[in-house]
Amino acid sequence: MTFDWKKTALALSLAGGLMATGPALTPAQAETPDNMLVQGMRIDDIITFDPAEVFELSTGEFIANIYDRVMMYEPEDLSTLVGGVVESWNFSEDGKTINFTMRPGQTFHSGNPVRPEDVVYSLQRVVILNKTPAFIFTQFGWSPENVGDLIKVTGDNSFSITITEDFSPGLVLNALSAGVASVVDQKLVEEHAVDGDMGYDWLKNKSAGSGPYSLVEWKANESVVLNAFDDYRHGKPAMQRVIIRHLPEPAAQRLLLEQGDIDMARSLTPDQIGGLVGNDTVKIEFYPKASLIYMAMNTTNEILSNPTVREALKYLIDYQGMAESFLDGQYIVHESFWPSGLWASADDKPYTLDVERAKELLAEAGYPDGFEIAIDSLNTSPYMEIAQSMQQTLSQAGITAEIIPQDGSALWPKYRARRHGLILARWSPDYVDPHSNADSFALNPDNREEAQLTGVLAWRNGWADPGINALAIAARNEANVDLRHDLYNALQRLHQRVSPFAIMFQQNEQVAMATNIEGFVSGSNFDLVFYRNVTK
Amino acid sequence: MAVGDVATRRRAGQGVWASLLRAALAVARVLASLALTFLGLTAITFFIGRVMPIDPVLAIVGDRARQDVYDAMFLQMGLDKPIYIQYLRYLGDVLTGNFGISIQTSRPVIYDLLHFFPATLELATIATLLGVFLGVPMGVLAAVNQGRLIDHVVRIVGLIGYSMPVFWLGMVGLLIFYARLQWVPGPGRLDIYFDGLVPPVTGMLLIDAALAGDWNVFDNALSHIILPASILGTYALAYIARMTRSFMLDQIRQEYILTARVKGLSETRVIWRHAFGNVLVQLVTIIGLTYASLLEGSVLTETVFSWPGIGQYITNALFNSDMNAVIGGTIVVGTCFVGINMLSDLIYRMLDPRVRS
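Quick caveat, the model's predicted, so the values are computed rather than measured. (Residues numbered from 1 in each chain as written. Chains lettered and ligands numbered in written order. Predicted model: local features only at pLDDT ≥ 70, side-chain atom pairs only at ≥ 80, totals over all residues.)

Draft legend 1. Examining the overall build of chain A more closely. A tally of helices and strands in chain A yields 18 helices and 19 strands. Radius of gyration (C-alpha) of chain A: 26 Å, near the 24 Å computed for a compact globule of 536 residues. Looking at the 536 residues of chain A, the share that counts as buried comes to 51%. Considering only intrachain contacts with a sequence separation of at least 6, the fraction spanning at least 24 residues in chain A is 69%. (Helix = DSSP H or I, 4+ residues; strand = E, 2+ residues; numbered from the N terminus. Rg over C-alpha atoms; globule rule 2.2 N^0.38 Å. Buried ≥ 20, exposed ≤ 12 C-beta atoms within 10 Å, placed from the backbone. Contact = placed C-beta atoms within 7 Å.)

Pasting the structure below:
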């Protein structure tokens, strides 16, 4: 009797068919509820929801919807700075003290009223905890020792702040629109404080705000869930719940969007976006962002210390070619350190690809046959493509560039230690004021190795220019708005010529969403993204 | 009392004590082996983490941190201490159940492991079961019909399943079965509307839903897991089928098989009772290795299907220099390998009388 392979094969076929086809055990959810916004994006950068520590792209956006700040840019008009929890303010004669009056009738999600004590506590907390974004406030001369005297309650609905430095009042107000100026519910936070930590541990995955949404749950690497705050001062948001799903694979985001399982896909690549063109159920919206991609040149490198060489390299970048090819609308050419569309930005583009000009400069600098250099780059798109394009254009002038792709976790320590040659990196402003970027790209008060100004991009590239420093400080401190505007324009133009930075591109975010989504606002900065006006 | 009786009883008593001693020594050897394995695992992972060109401080404070913030965190993390002191401190914490806090989740690592590992356990178990229940019969079928069409089909299926990049297979699977046919839901373990409906007991949604008697959640969880499990199961199936075929071919050529046939036994009995019985021990090894490799987490499958498993957790931890999470995950994976090895040994004893004796 032979082995009955036919029965075995039949059984296997049925089982394999079951495995391969998978019956629909539940019908796929075709649409999200009308009162719920579901977004798909990459959110594995979240490490905390404490506004005194948040400095990541994802959480910066989330806390903008959970907390109101002292000053704010509202989604209705992103170009105008207005009071957030404050209704009005005035300056002392010397411009160093600002007196604020609170908006009446505001409440936190907990039901506690928003008081000047909460604002003072929130601002002091940032300085005392001294986490990464604290420098936004400590630059004003605030320290854990003096912040109790310099930030204080002055009345039932008023408080004041005093700075010790000669900063422009406009700069101070803009800094108070940053994420660190989020107002937390002091009473609620202190109820959960442990060993005097000011609620640091508790706020990692909880919220205590007065914004349009409250944090319901953060499941690391899975989702963030926000619930609407019915008593928000601008009215209850239309979307009762906002769910942000962690979908690390852009292709999966696209599939879910097309199937209606999510309303918005926030991390699509250009080819994914291109594939959605012509899809009637999806629309693509464009949002100019303040994120910049730049190439920096380490002037501690002997070759790159020559300003003529650096100028030559700026002529060996195919800005327009890249923007029109693989960047495909997601980035536009921008060549100054303050992004286009923001107050005081200079939109000059003095550099284009000009190999002949570059060769002349290289010959003048003593490198007629080029040289060898390394390009340190993030190992993700579009940095690798940009690096490859640069490698090709540099070679036209005899420069042999070796690309060293790295993850950020390996690249940033190298950058901070001044061990790079050329480097491709990105930068976003910390707050919406030109000093935010000038403080990194231009101002370097101490270029010595011992100074360890590792947070300053100019220092990382071993560059300090007395003229640039003076101009940056003058612009920072100028109280007259028009003069300040002109000073920043002049600073940017000079910076383009003499600095070791070739600013190349500014992000133009492309967000794919269902056609019935309206009211989503994504402003220039990473934390100016608002859900409260979204409707379906 | 006869002298012989006393001597016999003495010998019997000594025999019992000897057996107990042998058993105790065996247990001690196993425990010592386990301890050395974990020590080696944690030491290697810890020291690799410290010598990698990744800055664990920057992973917490971020690239933009000023130097004073960086320095404060550097001291807080104890990184100013000699590396062996850092390791010993960490080891001391682990032995008291403290695996530290994860940078990427801000939660205790032990909590993360209890959350992420069951997701992988569930997925890997179903994938392995699919691989075994399909792969083994396929391998036997191919071996019995060596050189015929069915053999070629099985070998091609195995080759494709083993060669196809699982990432690509996952995306194609989503495209076909989710986007086009709508037979399965999209990535994730559950539809968002079912999230949090059943209390987490084991962390494995199918079991938790069954325990809670919530068959809607069970249904939804099953529909979510079937596609990623099938993708991983294809890989397991391909490997198991190939190895089963190879083992079976070795046995079928043996003389005892010819003898069994000559004696008039049915072909089914010859193949399944005699030939297959002699490959079981080898198959246990293969299946154990396959299961263990799936348990360490398939990060690509987890990425495509947004499956919050331990593969993604450890990979993200590595890129974030979150060494607490990396070492914690390594210990879990190491435990799986050791546990599966021990289980395999036990199964050998049950299957092979020679091992028992």
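Moving on, there is more to tell.
Draft legend 2. Expanded view of the overall build of chain B. A tally of regular secondary structure across chain B gives 16 helices and 0 strands. In terms of C-alpha radius of gyration, chain B reaches 26 Å, well past the compact-globule figure of 21 Å for 357 residues. With the C-alpha coordinates aligned to their principal axes, the bounding extent of chain B is approximately 85 × 75 × 45 Å. In chain B, buried positions account for 43% of the 357 residues.

Draft legend 3. Inspection of the sheet that holds strand β6 (residues 151-155) of chain A at higher detail. All names here are of chain A. Strand order in this open sheet of 4 strands is β4-β5-β7-β6, and the pairing throughout is antiparallel. Edge strands, defined here as strands with exactly one partner in the open sheet, are β4 (86-91) and β6. Taking the axes of each pair of neighbouring strands and ignoring which way they run, one obtains an average angle of 25° across the sheet. Sheet topology note: the β6/strand β7 (residues 158-162) ladder contains 4 bridges and is antiparallel. From the neighbouring strand, I151 faces β7, where its bridge partner is I161. Each of β5 (97-102), β6 and β7 touches helix α3 (residues 116-129); the most contacted strand, β6, lies at about 170° to it. (Pairing = 2+ DSSP bridges. Axes fitted to C-alpha atoms, helices over the stretch in contact; angles between N-to-C directions.)

Draft legend 4. Summary view of the interface of chain A and chain B. Chain A puts 54 residues into the contact, and the matching count from chain B is 63 residues. Listed by contribution, the elements that provide at least two residues to the side of chain A that touches chain B are α1 (5-21), β10 (241-246), α8 (250-259) and α14 (408-416) of chain A. The element that contributes the greatest number of residues to the side of chain A that touches chain B is α1 of chain A, accounting for 8 residues. Among the residues making up the side of chain A that touches chain B, the classes are represented as 27 nonpolar, 18 polar and 9 charged. (Nonpolar A, V, L, I, M, F, W, Y, C, P; charged D, E, K, R; others polar.)

Draft legend 5. Structural context of helix α11 (residues 267-275) of chain B. Of the residues making up α11 of chain B, those classed as buried are V270, I271 and A275 of chain B. With its buried residues spanning 90° around the axis, α11 of chain B presents them on a single face. (Arc of directions from axis to C-beta.)

Draft legend 6. Local environment of the packing of helix α5 (residues 109-144) of chain B against helix α9 (residues 215-252) of chain B. Residues and elements named next belong to chain B. At a minimum axis separation of 5 Å, α5 and α9 run at an interaxial angle of 35°. Seen along the crossing, α5 lies across α9 with a hand that is right-handed. Residue classes in the contact of α5 with α9 are distributed as 23 nonpolar, 7 polar and 3 charged. (Left-handed = near helix turned anticlockwise from the far one by under 90°.)

Draft legend 7. Focus on the environment of S436 of chain A. Residue and element names in this part refer to chain A. Assignment of secondary structure puts S436 in helix α15 (residues 434-441). Here S436 falls in the buried class, since 24 other C-beta atoms lie within 10 Å of it. Through-space distance from the C-alpha of S436 to that of L171 is 9.0 Å; in sequence the pair is 265 residues apart. Look past the residues within four positions of S436 in its chain and what remains in contact with it is P429, D430 and Y431.

Draft legend 8. Fine view of unusual backbone geometry. Residues and elements named next belong to chain A. The amide bond that connects S381 to the next residue, P382, takes the cis arrangement and shows omega of 5°. Its place among the elements puts P382 in the loop between β14 (372-378) and α13 (383-395). You will see that M198, though not glycine, has its phi angle at about 60°, which is positive. Along the chain, M198 turns up in the loop between α7 (186-191) and β8 (213-219).

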